[in-house]
Amino acid sequence: MTTLMPAAAEATALTTASPARSEAFSFGDPEAVLDRREILDYVECWVNGEWYDPPVSFDGLARSFRAATHHESAIHFKAQVLASTFIPHKLLSRATMRQLGTDFLVFGNSYLERPRNMLGDGMQLKHALAKYVRRHQDLQQFGFVRTWQEAHHFAKGSICHVLEPDVHQEVYGLPQYLSALQAALLNESATLFRRRYYTNGSHAGYILYLTDPETNQGDVDALRQALKSSKGLGNFRNLFFHSPNGKEKGIQLIPIGEAAAKDEFFNIKNVSRDDQLAAHRVPPQLMGVVPANAGGFGNVVDAARVFARNEVYPLQAHIGSAINDYMGEEVCRWTPYVLPGVDQAGQGGLV
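1. Quick word on the sheet that holds strand β6 (residues 159-163)
Stage number 1. One open sheet accounts for three strands, arranged β2-β1-β6; its pairing is antiparallel. With partners counted over all chains shown, the strands left at the sheet margins are β2 (126-128) and β6, one partner each. If you compare each strand with its neighbour and ignore which way they point, the axes differ by 30° on average.
Stage number 2. Here strand β1 (residues 109-113) pairs with β6 via five bridges, running antiparallel. Across the sheet, the residue bridging to tyrosine 111 is histidine 161, located in β6.
Stage number 3. Its contacts with the sheet place helix α9 (residues 300-327) against β1 and β6, and it is angled at close to 155° to β6.

Here it is, written out as structure tokens:
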């Protein structure tokens, strides 16, 4: 049976308790760099009975596409360059190439369907969403699988699959920016945290320490009400407190958190931005990034030339050769990536 301790006895027990003592402890056990998630590298692609599952979540890649500004912008930028330099063909339109390039850069896979008419002749190539296209376990057929209960089977041999090679498996491709995906998510988290910080408007950021003997309870209540009304919408208001005979340091504002910690937001944004641009290999001046120093990023024309030679031309060659080999004719042709008024078309573009 439990008995309640009287209030007086409880207070006596608290006062006679042993005083607090210093204590040191550690937390956070070391973790291996290669943790349990790496076991999926041995699994590679599961066969769920009929279709191969992709090695990473394509739904997750689609959601992360708009996670950070420079991640999405870099992909759109390269896809637009591919579409603008593509020479339309009767079997492949520029709009289809734009969709194909976006899928290839986001998922590392892109698919073109070649439907046939009643006579068996090939019609214009159509884009198939890479997020939902799956390979059959025989690796010959493809299907459009939104849910496992329903799937559309493409005709055998009607799908052209352009993929970014992966080192663990050869069923699906993987995008090249996966190493910088954490940077994009960190950039998103920093932005969301800062938005919630300002939207909340009630931050435990300081202690208002009031020791002025001239202050009465009415003044304290008025100050409390003024602080409450400064929270929420319309916050960051200025407060005025008047104490005619108050002493120095009778009222103090003591910050709880270090003010310099707020500047980490800018460091996180800049570092994660640089990681994303490095993964996409897009020069910052082509992305509209404002330089932090007076020297800037250098000549934008020279940066465009290097970008064209090292990034645009390899993308054109990879996508074009895959489609042309599948079609058995030259469907993909490209114009040089040039800057009007700077480079002459007859000089081979930005080489």
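2. What about the sheet that holds strand β3 (residues 133-135)?
Stage number 1. Strands sit in the order β3-β4-β5 across an open sheet of three strands; the sheet is antiparallel. Each of the sheet's edge strands pairs with one partner strand only, and the pair in question is β3 and β5 (150-153). Going across the sheet, the axis of each strand differs from the next one's by a mean of 35°, ignoring polarity.
Stage number 2. Inspection of the sheet shows strand β4 (residues 142-147) paired to β5 by four bridges, in the antiparallel sense. The partner of threonine 147 across the bridge, within β5, is glutamate 150.

3. Considerations on the confidence of the model for the protein chain
The predicted structure's coordinates, where accompanied by low pLDDT, should not be read in detail.
Stage number 1. With 70% of its residues at a pLDDT of at least 70, the protein chain reaches an overall mean of 79.
Stage number 2. Under a pLDDT of 50 for its full length, residues 345-351 has, in the predicted model, 18 contacts with residues more than four places off or in other chains.

Criteria and thresholds
- Residues numbered from 1 in each chain as written.
- Predicted model: local features only at pLDDT ≥ 70, side-chain atom pairs only at ≥ 80, totals over all residues.
- Heavy atoms only, no water.
- Pairing = 2+ DSSP bridges.
- Helix = DSSP H or I, 4+ residues; strand = E, 2+ residues; numbered from the N terminus.
- Axes fitted to C-alpha atoms, helices over the stretch in contact; angles between N-to-C directions.
- Contact = heavy atoms within 4.5 Å.
- pLDDT = per-residue confidence, 0-100.

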